[in-house]
Amino acid sequence: MISTSKGCKVCAFVAGFLNCAGAGFSLRAPLLPKRQDEDAGYDEFNGASFTGAVFNLSTTIVGAGIMALPATMKVLGLILGIAMIIFMAFLTNASIEFLLRFSRAGRTTSYGSLMGDAFGKYGRIFLQICVLVNNIGVLVVYMIIIGDVLSGTSSSGVHHAGVLEGWFGEHWWNGRTFVLLVTTLGIFSPLACFKRIDSLRFTSALSVALAVVFLVITVGIAIVKLLAGTILMPRLLPDVTDLTSFLELFTVVPVLVTAYICHYNVHSIDNELEDSTQIKPVVQTSLALCSIVYIMTSLFGFLLFGDATLEDVLANFDSDLGIPYSSLLNDTVRVSYAAHLMLVFPIVFYPLRLNMDGLLFPSARPLALSNTRFAFTTVGLITVIFLGANFIPSIWDAFQFTGATAAVCLGFIFPAAVTLRDRHSIATKKDKLLALFMIVLAVFSNMVAVYSDALAMFEKNSGTGPRE
């Protein structure tokens, strides 16, 4: 029998223990966590800053697509072209808002888990496949462009010298394969080893700065030529004279639709934010910043080159600009653009690795906690991208199909489908009408993209017409 004094001591001990430990745990809390956070093990990490998140999301948006936007002005004219850029920014903001709102309602922390919540296992798998197709295609294209800029390329029997070849002459060490190998080992691989996307905030800031360098040079050249009176008045509206010219207007839709695709990184950035309520301002700030860059690039790029603007405006900087220091400015633009793509690479690679791991090991612990899986997945994906860029250069045409299709699924079809599914009954009638519009636009742009790319490839292979 326990004495009263001993019983009181035991009670006091238990009460004191519970009072002292009350701040550390809850009696209702499970002994083991229900899920492991991806950033577990980084006790010193207190959350990403607003500025870092803006730079990371902006870098995700501004990739190689910025160089295709001036050509859209040639088709649409300045007024309609700029209006479409602004319109797509608002539509992208709405689609990301759908993702975030339904993620909050379903308590999901990734794009894949959101699709799984709405459509089950196969919805998640389909999303992961689309991310793989889109991001591998984008990164292969980035590496091809970097190789073209630094080492040169040959097209239709004509060789276009790269920057390194122009500076030092033709040598084995500035050939495409060796340059891309050094770039992969010296830049891509180290940057791909970061386990948190916030760790890339400084390289993202530099990437955005390099895009601004391109913009500043383009604006400067245009102003100099304007003052010299050598620039003609640009076309303000599209030139529609027949059915063919009318249909040509829709060929720019895929470029505009995919210009703001960043949805596959939104959850990763949101999960690392110190204050998750800031994700909406982060998205809006990033879209506003990128819209300004897009509009200025499109405006002054088209103003500078007019109807001679090529599909990739970078190619216009391969000739005499008609101003002093033309060669220096050309090289600066090309090198800054190549460096920009190098720094965009790890931002696009981050969600690619996560989704590849999720597809292969859906029940495993978070990738950041397994160094073996992290290393093998990283090395495997970088090797595939490197081989694709070196030995299958025609992959550009192939990924115009897969990239356009996967990109619009990620940016518009999936968010709209989640909204129409409305598993948590939070969508308004206005939300569903907007979601339906997104799907129609995305499907239509896909059809136009596939048709135009198929026609171009057919003409190229049959010799019925040249391709720019």
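The rules behind each value
- Residues numbered from 1 in each chain as written.
- Predicted model: local features only at pLDDT ≥ 70, side-chain atom pairs only at ≥ 80, totals over all residues.
- Heavy atoms only, no water.
- Helix = DSSP H or I, 4+ residues; strand = E, 2+ residues; numbered from the N terminus.
- Buried < 20%, exposed > 50% of the residue type's maximum accessible area, 1.4 Å probe, protein only.
- Contact = heavy atoms within 4.5 Å.
- Areas by Shrake-Rupley, 256 points an atom, 1.4 Å probe, with all protein chains shown as cover.
- Phe/Tyr/Trp six-rings, centres within 6.5 Å; stacked < 30°, edge-to-face > 60°.
- Lys NZ or Arg CZ within 6 Å of the ring centre and 35° of its normal.
- Salt bridge = Lys/Arg side-chain N within 4 Å of Asp/Glu carboxyl O.
- Patch = residues over 30% accessible without salt bridge, like charges linked within 9 Å, V, L, I, M, F, W, Y side chains within 5 Å.
- Core = buried A, V, L, I, M, F, W, Y, C linked by side-chain atoms within 4.5 Å.
- pLDDT = per-residue confidence, 0-100.
- Disulfide = S-S within 2.5 Å.

(A) View of the overall build of the protein chain. Helices and strands together make up the secondary structure of the protein chain, namely 17 helices and two strands. Here the protein chain, with 468 residues, has 48% of them falling under the buried criterion. Contacts in the protein chain between residues far apart in sequence, at least 24 positions, make up 81% of those at least 6 positions apart. With the model as given, the accessible surface of the protein chain reaches about 22,800 Å², and the carbon-plus-sulfur share is 67%.

(B) Main features of the packing of aromatic side chains. Across all of its chains, the model carries five aromatic pairs by this definition. Ring geometry for Phe 126 versus Phe 414: centroids 5.4 Å apart, planes at 65 degrees, classification edge-to-face. In this pair, Phe 126 sits in helix H6 (residues 121-151) while Phe 414 sits in helix H16 (residues 395-421), placing the two residues 288 residues apart along the sequence. Taking the relative accessible area as the measure of exposure, Phe 126 reaches 44% and is therefore partly exposed. The exposure class assigned to Phe 414 is buried, which follows from its relative accessible area of 4%. Residues Phe 188 and Phe 345 carry aromatic rings whose centres are separated by 3.9 Å and whose planes lie at 15 degrees to one another, so their mutual orientation is stacked. With Phe 188 in helix H8 (residues 176-192) and Phe 345 in helix H14 (residues 326-360), this residue pair connects regions lying 157 residues apart in the sequence. Positioned above the aromatic ring of Phe 374, the side-chain terminus of Lys 195 is 5.3 Å from the ring centre.

(C) Layout of the pattern of salt bridges. Within the structure shown, the criterion is met by eight salt bridges. The shortest N-O distance in the salt bridge between Lys 280 and Glu 97 comes to 3.8 Å. With a gap of 183 residues between them, Lys 280 in helix H13 (residues 279-305) and Glu 97 in helix H4 (residues 78-106) connect regions that are remote in the sequence. Judged by its relative accessible area of 42%, Lys 280 is partly exposed. Take Glu 97: its relative accessible area is 23%, and that puts it in the partly exposed class. A salt bridge links Asp 331 to Arg 334, with the shortest nitrogen-to-oxygen separation between them at 4.0 Å.

(D) Molecular detail of a nonpolar patch on the surface. A cluster of nonpolar residues, Trp 167, Phe 168, Trp 172, Trp 173, Phe 178, Leu 181, Val 182, Leu 185 and Val 335, forms a patch on the protein surface that exposes about 920 Å² of accessible area. Within the residue set of the nonpolar patch, elements represented by two or more residues are helix H7 (163-168) and H8. Of all the elements, H8 adds the most residues to the nonpolar patch, at four residues. Structurally, Val 182 is set in helix H8.

(E) Quick look at the nonpolar core. Tyr 260, Tyr 294, Phe 349 and Phe 414 are the most contacted members of the largest nonpolar core, which has 118 residues in total. By residue number, the principal contributor to this core is H6, which donates 15 residues. With residues near it in sequence (within four places) discarded, Tyr 294 still touches Ile 61, Val 62, Ile 66, Leu 69, Ile 85, Ala 259 and Tyr 260. Core analysis: the second largest hydrophobic core is formed by six residues, Leu 215, Ala 222, Ile 231 and Leu 303 among them.

(F) Geometry of the environment of Ser 291. With respect to the element layout, Ser 291 can be found in helix H13. Taking the relative accessible area as the measure of exposure, Ser 291 reaches 9% and is therefore buried. Ser 291 sits 206 residues away from Ile 85 along the chain, and the two C-alpha atoms are 7.0 Å apart. Those residues in contact with Ser 291 that lie beyond four places of it in its chain are Ala 89 and Tyr 260.

(G) Representation of the confidence of the model for the protein chain within the structure. Mean pLDDT over the protein chain works out to 79, with 80% of the residues at or above the 70 mark. Looking over the protein chain, one finds the lowest element-wise mean pLDDT in helix H1 (residues 4-21), namely 46, and the highest in H4, namely 92. With pLDDT under 50 throughout, residues 13-43 is counted as low confidence; its partners more than four residues away or in other chains account for 16 contacts. A low-confidence stretch, residues 464-468 (pLDDT under 50), is modelled with seven contacts involving residues beyond four sequence positions or located in other chains.

(H) Examining the side chain of Thr 108 more closely. In this fold, Thr 108 is placed in the loop between H4 and helix H5 (111-119). Since its relative accessible area comes to 13%, Thr 108 is described here as buried. Those residues in contact with Thr 108, other than ones at most four positions away along the chain, are Ser 103, Ser 113, Leu 114 and Asp 117.

(I) Region of the structure containing the side chain of Ser 204. Of note, Ser 204 is situated in helix H9 (residues 201-227). According to the relative accessible area criterion, Ser 204 is buried, its value standing at 0%. In contact with Ser 204, other than residues within four places in its own chain, are Phe 55, Asn 56, Thr 59 and Ile 347.

(J) The state of the cysteines, seen in detail. Enumeration according to the criterion identifies zero disulfides in this entry. Here Cys 409 is not cross-linked by a disulfide; its sulfur's nearest cysteine counterpart is in Cys 130, at 4.6 Å. A relative accessible area of 9% places Cys 409 in the buried class.

(K) Spotlight on helix H12 (residues 263-272). Taking burial as the measure, the 10 residues of H12 include nine buried ones, the bulk of the element. Of the residues making up H12, those classed as buried are His 263, Tyr 264, Asn 265, Val 266, His 267, Ser 268, Ile 269, Asp 270 and Glu 272.

(L) Fine view of unusual backbone geometry. The phi dihedral of Arg 107 is positive, around 55 degrees, even though this residue is not glycine. When you line up the elements, Arg 107 lands in the loop between H4 and H5. Positive phi, normally seen in glycine, also occurs at Ser 425, with a value near 55 degrees. Among the structural elements, Ser 425 can be located in the loop between H16 and helix H17 (429-462). Owing to a relative accessible area of 63%, Ser 425 belongs among the exposed residues under this scheme.

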